[in-house]
Amino acid sequence: MKAEASPVEAFRLSSFEMKRKKPGDIILILIYITLFTLSLVFYPGKGDTLLVETETGSYAYALSEDGVHSFTGPLGITEIEIKDGKARVISSPCRNKICIESGWAETLCCLPNRVTAITTGNEGEVDAISG
């Protein structure tokens, strides 16, 4: 009767087996590396428009024009600031203020007040982070 391997020996055996790569594993790793590299090369870059969605409608603002914009939701008014090509929520009537604490971001969201904003590229496509 064969004795069972101790936990240490079992770990060593399983780590040894994990180190052997099959041709399919190597091909998969190469595909992942290639896709990752291509995504870095062809990343669409920074968006130029902020699209804001509320219960009352959709609005678009150029990120090149600094300003503060107010949007009415079911809880009250949410204010979004655009400055130096970036956007952030500066005021909102929601309870937890998570939208304000998130700071400058490409995707802004105040769920309790139902206000969302997404930075888009030149052709109106959603950027790589939010889409």
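Residues numbered from 1 in each chain as written. Predicted model: local features only at pLDDT ≥ 70, side-chain atom pairs only at ≥ 80, totals over all residues. Heavy atoms only, no water.

Caption draft 1: Broad picture of the overall build of the chain. Check the secondary structure of the chain and you find three helices and seven strands. When each of the 131 residues of the chain is scored for burial, the buried share is 21%. Sequence-distant contacts in the chain: of pairs separated by 6 or more residues, those separated by 24 or more amount to 33%. (Helix = DSSP H or I, 4+ residues; strand = E, 2+ residues; numbered from the N terminus. Buried < 20%, exposed > 50% of the residue type's maximum accessible area, 1.4 Å probe, protein only. Contact = heavy atoms within 4.5 Å.)

Caption draft 2: Broad picture of the packing of aromatic side chains. Tallied over the entire structure, the rule returns two aromatic pairs. A ring pair is formed by Tyr 59 and Phe 71, whose centres lie 5.6 Å apart and whose planes are at 45°; its orientation type is tilted. Here Phe 71 lies in strand β3 (residues 67–72) and Tyr 59 lies in strand β2 (residues 57–62), a separation of twelve residues in the sequence. Classification of Tyr 59 as partly exposed rests on a relative accessible area of 31%. Classification of Phe 71 as buried rests on a relative accessible area of 4%. Between Tyr 61 and Phe 71 the ring centres are 5.9 Å apart and the planes differ by 70°, which places this aromatic pair in the edge-to-face class. Of this pair, Tyr 61 sits in strand β2 while Phe 71 sits in strand β3, and the two are ten residues apart along the sequence. Site record: aromatic cluster; members linked through ring pairs are Tyr 59, Tyr 61 and Phe 71. (Phe/Tyr/Trp six-rings, centres within 6.5 Å; stacked < 30°, edge-to-face > 60°.)

Caption draft 3: Quick peek at the nonpolar core. One finds Leu 50, Val 52, Ile 80, Ala 87, Leu 108 and Ala 117 to be the most contacted residues of the largest nonpolar core, which totals 14 residues. Secondary-structure elements contributing two or more residues to this core are β1 (49–54), β4 (77–83), β5 (86–91), β6 (107–110) and β7 (115–120). (Core = buried A, V, L, I, M, F, W, Y, C linked by side-chain atoms within 4.5 Å.)

Caption draft 4: Broad picture of the sheet that holds β1. Pairing in this open sheet of four strands is antiparallel, and the strands run β2-β1-β7-β6 from one edge to the other. Each edge of the open sheet carries a strand with a single partner, namely β2 and β6. Looking at each pair of strands side by side, their axes are set apart by 15° on average, direction ignored. (Pairing = 2+ DSSP bridges. Axes fitted to C-alpha atoms, helices over the stretch in contact; angles between N-to-C directions.)

Caption draft 5: Geometry of unusual backbone geometry. Not every positive phi belongs to a glycine, and Asp 84 is a case in point at roughly 55°. Note that Asp 84 resides in the loop between β4 and β5. By relative accessible area, Asp 84 is classed as exposed at 55%. One non-glycine residue, Arg 114, adopts positive backbone phi at about 55°.

Caption draft 6: Representation of the confidence of the model for the chain. Residues with a pLDDT of 70 or more make up 67% of the chain, whose mean pLDDT is 78. Note that residues 124–128 has pLDDT below 50 and, in this model, eight contacts with residues that lie over four places away or in other chains. (pLDDT = per-residue confidence, 0-100.)

Caption draft 7: Inspection of the pattern of salt bridges at higher detail. Following the criterion strictly, the structure yields two salt bridges and no others. The residue Glu 55 makes a salt bridge to Arg 114 at a minimum N-O spacing of 2.6 Å. Of this pair, Glu 55 sits in the loop between β1 and β2 while Arg 114 sits in the loop between β6 and β7; the two residues are 59 residues apart in sequence, bridging distant segments of the chain. Residue Glu 55 shares its accessibility class with Arg 114, and that shared class is exposed. A salt bridge links Arg 88 to Glu 81; the shortest N-O distance between them is 2.8 Å. In this structure Arg 88 comes out as partly exposed when scored by relative accessible area, which is 29%. Accessibility expressed as a relative area gives 14% for Glu 81, which makes it buried. (Salt bridge = Lys/Arg side-chain N within 4 Å of Asp/Glu carboxyl O.)

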